[in-house]
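Chain residues, written in single-letter form:
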Amino acid sequence: MQTMKLTLKIWRQSGPNDKGRLETYPVEANEHMSFLEMLDVLNESLINDRKTPVAFEHDCREGICGTCNMVINGQPHGPMGGTTTCQLHMRHFKDGDTIVIEPFRARAFPVIRDLVVDREAFDRIIQAGGYVSVNAGQAQDANAIPIEKETASRAFDAAACIGCGACVAACPNASAMLFVSAKISHLALLPQGKVEAKKRVQAMVNQMDLEGFGMCSNVTACEAECPKGISVENIARMNREYLSSTLGSEVQG
Amino acid sequence: MNWFTNFLTSSIGRKLIMSLTGLFLILFLVVHLIGNLQLLYSDEGEKFNLYALFMTTFTPIKIISYGLYAFIVIHAVQGWILWRKNVAARGPQGYAVKVTRATGTNARAASNMGWLGTIIFVFLVIHLYQFWLQMKMGALESKMYDGVAAADLYTVVKATYMNTGFVVFYVVSMVVIGFHLWHGFQSSFQTLGLNHRKYTPLIKIIGKVYSVVIPALFALIPLYMYFKNAGL
Amino acid sequence: MMLDGKIPAGPLTEKWTQYKSTMPIVAPNNKRNIEVIVVGTGLAGAAAAASLGELGYAVKCFTFHDSPRRAHSIAAQGGINAAKNYRNDGDSTWRLFYDTIKGGDYRAREANVYRLAEVSASIIDQAVAQGVPFAREYGGLLENRSFGGVQVSRTFYARGQTGQQLLIGAYQSLSRQIALGSVEMHNRHEMLDVVLVDGKARGIIARNLVTGKLERFGAHAVVLATGGYGNVFYLSTNAMNCNVTAAWRAVRRGAYMANPCFTQIHPTCIPQYGEYQSKLTLMSESLRNDGRVWVPKKKEDAQAIREGRKKATDIAETDRDYFLERRYPAFGNLVPRDVASRAAKVACDEGLGIVPTGLGVFLDFASAIERYGKSKANSMGLHNPERPKIIELGEEVVKEKYGNLFEMYEKITGEDPYKMPMKIYPAVHYTMGGLWVDYNLETNVPGLFAAGECNFSDHGANRLGASALMQGLADGYFVLPYTIGTYLANDIRTPKFDTNREEFAATEKEVRERLDSLLGVQGTQSVESFHRRLGKIMWDYCGMSRTAEGLTKARTMIRELREAFYKDVFVPGSANEFNPELEKAHRVADFLEMGELMILDALNRNESCGGHFREEFQTPEGEADRDDDNYAYVAAWEYKGWGEDPTLHKEPLIFNDVHPSKRSYK
């Protein structure tokens, strides 16, 4: 098994009030490890040296929960397209590489510690309207409304968002529009979600603005880095929904 | 009108303003280019000066031109506000290493629209001072064409384009405008929500052609005149 | 002591209807003043918190994640069962009930399972109404597929991300209630104890994971929806942070842990590849719809593949043993998980494993690709297409069905599963055991409820595929919101609980001391290293097959490990800060106790059933030998104190409507 010697430069910050800095660590890895397992090895050795391990978030390690988040050599979730950090494997790095690891950076994602940031702004945006107002027990039969296969499939494409925040981290403007538009699209495409679509788009955009995210310049870095391949088509759809809702309907946000 | 001001100051409202004013300026560039191409006639500026006279005296055009001034200012001011807000949203701590990739545009142009715009704005100020302001202030000589008196803008233009420094400045500015358009053209459609799996590829192609051809033709004029007057 | 499951009287098919019509109800004006704590925001927790909020209760909801959208329900791939009979293939509530009871090897309560089958259809309705984008056919109606242990097509799915989509649906409903103010959400809070007042669960102590502060929360009832304990094995398909702490803390406060030895080993996971490995990744059971499981017939071939001298494709068709098809012709590759896992283990034990560790078998899509390719070519009007064309078309169809799973496999292993068969091996996946609950999902501690994987109730000794999502959502949306009312209806005069009460202070003090003691050891070994050793003991002796001898040995080993843990563990940092190592230490400490209980339970159950396979109890053909005369009961264990043996309580399982038969998939 090929062993590789790597140099890691990792952002260390003990808390929100600490200024933070990049610190350098050597680590030995091999090509079968996942990126996070490589960090586990580092942490294990830090603990054995009675030092504070690097705080980073992770959970499912299957690329679906959206918990893991770090910027690896300037790219959220690292160099491989369509891949979360936990699904990134060390065979994509070479012996002798230097890897710079930083937290997702945005004013709306304050650092809690090291690579851990607070992404509750996303929750608050969903709370503003990212749902269908249906109580348990109210639903009609699931097959009562046929939905075109293609439409359902597009709704799924948007719904595949894992809420990791890579779009914000990648965007030069720290805009959250890909995340917000994915939810708006997912629900606006389906007949079940259309009922409240007008109100939803106004409320969610409003909350997004309040959270201090930047504004989209259509750079499409979000789409390029999104581990789930969410398309910027959704942003166009959100714009459309927003314009027709604010200017073309009587609904007040 | 609370809902309306809310709309205008929302992120999408601000983007909409950028998009609409941008699209207007894109259209204006064509009109402007058609006029400028008159400079290529070897008629000592007759067609060009008459065109300039028409543009400054025909009432509907005059009305539109006030709109144009307003849109330039709005596009610039709004762009500047967006730029500031976006820098603020990024937060004080930047990335030590940052790679910006893009899927549907030029990442470098797209993430530097503020800088490109600033350069274009500086260009505009100089450009307007050199030609438009001279014309407006009546500082130009008049020439008679079939009994019609027209300000002789041509001579000023010709003099400017004999200066190597200005020619370089104009050509470089056109390259900058080209980059600005490369991203801006298709981006304005995306902002308006005009994204369609069948038609967007076409819009993108038109945008790319537009952002190369129009600035190239603009840049051609000073080069042509420079070399022509230099006798090359 | 015999436990009372509080199963309502009446015929099986009427029980739930009658229960709902006659149960006590809390009036809307009273609900506002009644507080309910829901711990966990997976399918069961998020659904319960949202539904209780919709009903008007004042809900406080807790998750240790940064957001209630991340629980491990999200990783479920294949689908969710429901007795909709949209295929017209003879499905019914009864059939789903029967399949589930039989699949669980007759170790689940009839009434609970029937109720689960009854509400299953409403779950799909609810999910669709929330905007869950299930797979659809060209006519716009819902698509289905088949899962193991079942002969009808009743599994609804959303590509390979069904769990994610269902959880997002529940999360959205929960978000709506948070916005409406009926649910107070506490992210990044980990429950570390239950507070009992006069013997009833009346609150929790939670640690704010950002500040490290211990916080007290009071309520009229506490619902635990905190998932399973599969991570006791260290390597499992569970998420890294899945843990038993909430449930175990409830056990320490008197709740009974039921059937802890019933753990599910999932047959199709990516095999282990290294010592540093942190988790195992599941490949959805849905793959067995089209994938064929095999090993080489000859040991020499297997060895050649292990050593890299041969490839799977070098083995001739006649030299392959499609052992599931051979052993279980009726169900073939779609036998239930326990059966498939054991068969893979048997093959590998015989020296036929095909990965370097010897622990792996093939899951092959070649024949499916060919079959689909031909049918696609046919539908395109291509007659006598070339073989490469057939393969190309077949790969397209397979990609459409399982694309994201194939991609995930390729990302992890670096091998292309379209060209080479997948390599798979069983891994710990789910725990059927859990907190003992009655028909109301209430534990033996009054006011303490358990929902989803956290309870033991519906899957017996083995869970069928696509039934975990069903059970989590059934509990959360359609069972608990009703049954909790029967408890709370007696509490309408109870005022809100003052968390300055002595009981809260005392419990908080205990939690603090526990954390301080973990930090105080200041030994030399990392928490992770203990966890890894515990996992190895559990897997070796309490995994896919168990013996009395091995279990007895493992019990001693775990006790020694636990002793070493409290003598020599090193936890860096302090309790008053963001400290993931401290969180982990507390969880591993609880796993070290839970592991021993699982072993005790496995030792007690002198039979083989479902996921519990005792080598001493097997038929001559090597199938599980169940003992209904002596073990048709739920084993519920009562904690008796540090170092003491727990007490066993039995709830007899009475089958009035189905007759436990030998479970055969031949």
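Nothing here was measured: the structure is a model prediction, and the numbers come from that model.

Can you walk me through the overall build of chain A in this structure?
Within chain A, the secondary structure is distributed over 9 helices and 7 strands. Considered along the principal axes of its C-alpha atoms, chain A spans approximately 65 × 40 × 35 Å. Counting the 253 residues in chain A, one finds 66% classified as buried. As displayed, chain A offers around 8,200 Å² of accessible surface, 47% of which is attributable to carbon and sulfur atoms. Taken together, the 25 basic and 30 acidic charged side chains of chain A have centroids lying 3 Å from each other.

Just checking my understanding: could you explain the overall build of chain B for this structure?
Helix and strand counts for chain B come out as 9 helices and 2 strands. Taken from the N to the C terminus, the helices and strands of chain B come in the order α-α-α-α-α-α-β-β-α-α-α. When its C-alpha atoms are laid out on the principal axes, chain B stretches across 60 × 45 × 40 Å. Considering only residue pairs separated by 6 or more positions, chain B has 76% of its internal contacts joining residues 24 or more positions apart. A total accessible area of about 12,400 Å² is found for chain B, and carbon and sulfur atoms account for 72% of it. One finds the centroid of the 18 positive side-chain charges in chain B at a distance of 34 Å from the centroid of its 6 negative side-chain charges.

Is there a simple way to explain the pairing of strand E2 (residues 148–151) of chain B in this structure?
The side chains of a regular strand alternate between the sheet's two faces. All names here are of chain B. Sheet topology note: the strand E1 (residues 142–145)/E2 ladder contains 4 bridges and is antiparallel. Note on E2: the bridge partner recorded for Tyr-145 is Val-148. Hairpin remark: E1 followed by E2, antiparallel, with 2 residues in the connecting loop; positive phi at Asp-146, about 50°.

When you look at the domain arrangement of chain A in this model, what are you seeing that I'm missing?
One frequently used descriptor of interface size is the decrease in accessible area upon assembly of the parts. Residues and elements named next belong to chain A. Splitting chain A by domain gives domain 1 (3–112) and domain 2 (119–133 + 146–248). On a C-alpha basis, the centroid separation for the pair domain 1 and domain 2 is 28 Å. In this assembly, 22 residues from domain 1 lie in contact with 19 residues from domain 2. For domain 1, the biggest contributors to the area lost against domain 2 are Pro-76, Ala-108 and Phe-109; these three give 36% of the whole. Summed over the shared surface of domain 1 and domain 2, the number is 1 salt bridge. Two residues, Arg-119 and Glu-57, come together in a salt bridge whose shortest N-O distance is 3.5 Å. Counting every contact that joins domain 1 to domain 2 gives 5 residue pairs in polar contact (both at pLDDT 80 or more). Tallied by class, the residues present in the side of domain 1 that touches domain 2 amount to 9 nonpolar, 10 polar and 3 charged.

Just checking my understanding: could you explain the interface of chain C and chain A for this structure?
Taken together, the contact between chain C and chain A spans 79 residues of the former and 74 residues of the latter. When the two sides are added together, the surface that chain C and chain A hide from each other amounts to roughly 6,300 Å², 50% of it contributed by carbon and sulfur. Between the two partners, chain C and chain A, sit 6 salt bridges. Taking the shortest distance from any N to any O, the salt bridge between A:Glu62 and C:Lys279 comes out at 2.7 Å. Inspection of the chain C/chain A interface yields 48 residue pairs in polar contact (both at pLDDT 80 or more). Mapped by element, the contributors of at least two residues to the side of chain C that touches chain A are helix H3 (43–55), helix H5 (110–130), helix H6 (162–180), helix H12 (387–413), helix H13 (468–488) and helix H15 (527–542) of chain C. Here the side of chain C that touches chain A gets 11 residues from one element, more than from any other, and that element is H6(C). Its residues placed into classes, the side of chain C that touches chain A shows 31 nonpolar, 30 polar and 18 charged.

Whenever I open this one, the arrangement of the chains confuses me. Can you help?
Where the 2 pairs of chains in contact are concerned, the greatest contact count is recorded for chains A and C. Between chain B and chain C there is no contact, and the shortest C-alpha to C-alpha separation is 20 Å.

So what exactly am I meant to see when it comes to the interface of chain B and chain A here?
Contacts between the two partners involve 40 residues from chain B and, on the opposite side, 52 residues from chain A. Summed over both sides, the interface of chain B with chain A buries roughly 3,800 Å², with 54% coming from carbon and sulfur. Contact with chain A buries area across many residues of chain B, yet B:Arg90, B:Arg101 and B:Arg197 alone supply 18% of it, more than any other trio. If you look at where chain B meets chain A, you find 3 salt bridges. One salt bridge connects B:Arg197 with A:Glu233, and the closest N-O pair in it is separated by 3.0 Å. Where chain B meets chain A, there are 30 residue pairs in polar contact (both at pLDDT 80 or more). Only helix H1 (2–9), helix H2 (11–36), helix H4 (59–90) and helix H8 (164–191) of chain B provide two or more residues apiece to the side of chain B that touches chain A. The residue makeup of the side of chain B that touches chain A, split by class, is 15 nonpolar, 18 polar and 7 charged.

Just checking my understanding: could you explain the pattern of salt bridges for this structure?
Pairing between side chains becomes possible if they bear opposite charge and their charged atoms approach one another. All names here are of chain C. What the rule picks out here adds up to 79 salt bridges over all chains. Of the charged contacts in the structure, one is a salt bridge between Glu-285 and Arg-337, with a shortest N-O distance of 2.3 Å. Separated by 52 residues along the polypeptide, Glu-285 in the loop between strand E11 (263–269) and strand E12 (292–296) and Arg-337 in helix H10 (residues 337–349) bring together distant segments of the chain. A relative accessible area of 2% places Glu-285 in the buried class.

Explain the pairing of strand E15 (residues 422–431) of chain C here, please?
Residues and elements named next belong to chain C. Most of E15 sits inside the fold, with 9 of its 10 residues counted as buried. Bridge analysis of E11 against E15 gives 5 bridges, and the strand direction is antiparallel. From the neighbouring strand, Thr-263 faces E15, where its bridge partner is Thr-431.

Explanation requested: unusual backbone geometry in the structure shown.
Apart from glycine, the bulk of residues carry a negative phi angle, and the bulk of peptide bonds sit in the trans form. Of note, A:Arg50 is a non-glycine position whose phi angle comes to about 60°, a positive value. Of the residues examined, A:Arg50 reaches a relative accessible area of 42% and is grouped as partly exposed.

Quick question: what am I supposed to make of the nonpolar core here?
Where a protein is soluble and globular, its nonpolar side chains tend to be buried together. In this structure, A:Phe213, C:Ile80, C:Phe134 and C:Leu435 are the most contacted members of the largest nonpolar core, which totals 283 residues. Of all hydrophobic cores here, the second largest spans 28 residues; its members include A:Ile10, A:Met33, A:Ile72 and A:Phe93.

Is there a simple way to explain the sheet that holds strand E14 (residues 361–364) of chain C in this structure?
Strand pairing in a sheet relies on backbone hydrogen bonds, with the paired strands running either antiparallel or parallel. The strand order across the open sheet built from 5 strands is E11-E15-E14-E12-E13 (chain C), with neighbouring strands paired in antiparallel fashion. Looking at strand neighbours, the two that pair on one side only are E11 and strand E13 (320–321) of chain C, the edges of this open sheet.

Hey, could you run me through helix H3 (residues 149–159) of chain A in this one?
Structural remark: α-helix, 3.6 residues per turn; residues separated by three or four positions point the same way. For H3(A), every residue scored as buried is listed here: A:Thr151, A:Ala152, A:Ala155, A:Phe156, A:Ala158 and A:Ala159. Viewed end-on, H3(A) has its buried residues packed into an arc of 160°, placing them on one side of the element.

Please clarify how the sheet that holds strand E4 (residues 75–76) of chain A should be interpreted in this entry.
Residues and elements named next belong to chain A. A sheet is described by the order of its strands in space; here 5 strands give the open sequence E2-E1-E5-E3-E4, paired in mixed fashion. Of all strands in the sheet, those with a lone pairing partner are strand E2 (21–30) and E4, marking the two edges. Helix H1 (residues 35–48) rests against strand E1 (3–12), E2, strand E3 (71–72) and strand E5 (98–102) of the sheet, and its axis sits at about 105° to E2.

Just to check I follow, could you spell out the confidence of the model for chain B for this structure?
When pLDDT is low, close inspection of the predicted coordinates is not appropriate. Of all residues in chain B, 99% have pLDDT values of 70 or greater, and the mean over the chain is 94. Among the prediction metrics, the complex's ipTM stands at 0.98, with pTM recorded as 0.96.

It is not clear to me how a nonpolar patch on the surface should be interpreted in this structure. Could you clarify?
All names here are of chain B. Together, Phe-121, Val-122, Val-125 and Ile-126 give the surface a local cluster of nonpolar side chains, amounting to about 320 Å² of exposed area. Looking at the secondary structure, you find Phe-121 in helix H6 (residues 113–136). For Phe-121, a relative accessible area of 43% gives the class partly exposed.

Parameters and conventions
- Residues numbered from 1 in each chain as written.
- Chains lettered and ligands numbered in written order.
- Predicted model: local features only at pLDDT ≥ 70, side-chain atom pairs only at ≥ 80, totals over all residues.
- Heavy atoms only, no water.
- Helix = DSSP H or I, 4+ residues; strand = E, 2+ residues; numbered from the N terminus.
- Buried < 20%, exposed > 50% of the residue type's maximum accessible area, 1.4 Å probe, protein only.
- Areas by Shrake-Rupley, 256 points an atom, 1.4 Å probe, with all protein chains shown as cover.
- Lys, Arg positive; Asp, Glu negative; His and termini not counted.
- Charge placed at Lys NZ, Arg CZ, Asp CG, Glu CD.
- Contact = heavy atoms within 4.5 Å.
- Pairing = 2+ DSSP bridges.
- Domains from an automatic or database assignment.
- Buried area = accessible area lost by both parts, 1.4 Å probe.
- Salt bridge = Lys/Arg side-chain N within 4 Å of Asp/Glu carboxyl O.
- Polar contact = N/O pair within 3.5 Å; in protein donor to acceptor, adjacent residues only side chain to side chain.
- Nonpolar A, V, L, I, M, F, W, Y, C, P; charged D, E, K, R; others polar.
- Core = buried A, V, L, I, M, F, W, Y, C linked by side-chain atoms within 4.5 Å.
- Arc of directions from axis to C-beta.
- Axes fitted to C-alpha atoms, helices over the stretch in contact; angles between N-to-C directions.
- pLDDT = per-residue confidence, 0-100.
- Patch = residues over 30% accessible without salt bridge, like charges linked within 9 Å, V, L, I, M, F, W, Y side chains within 5 Å.

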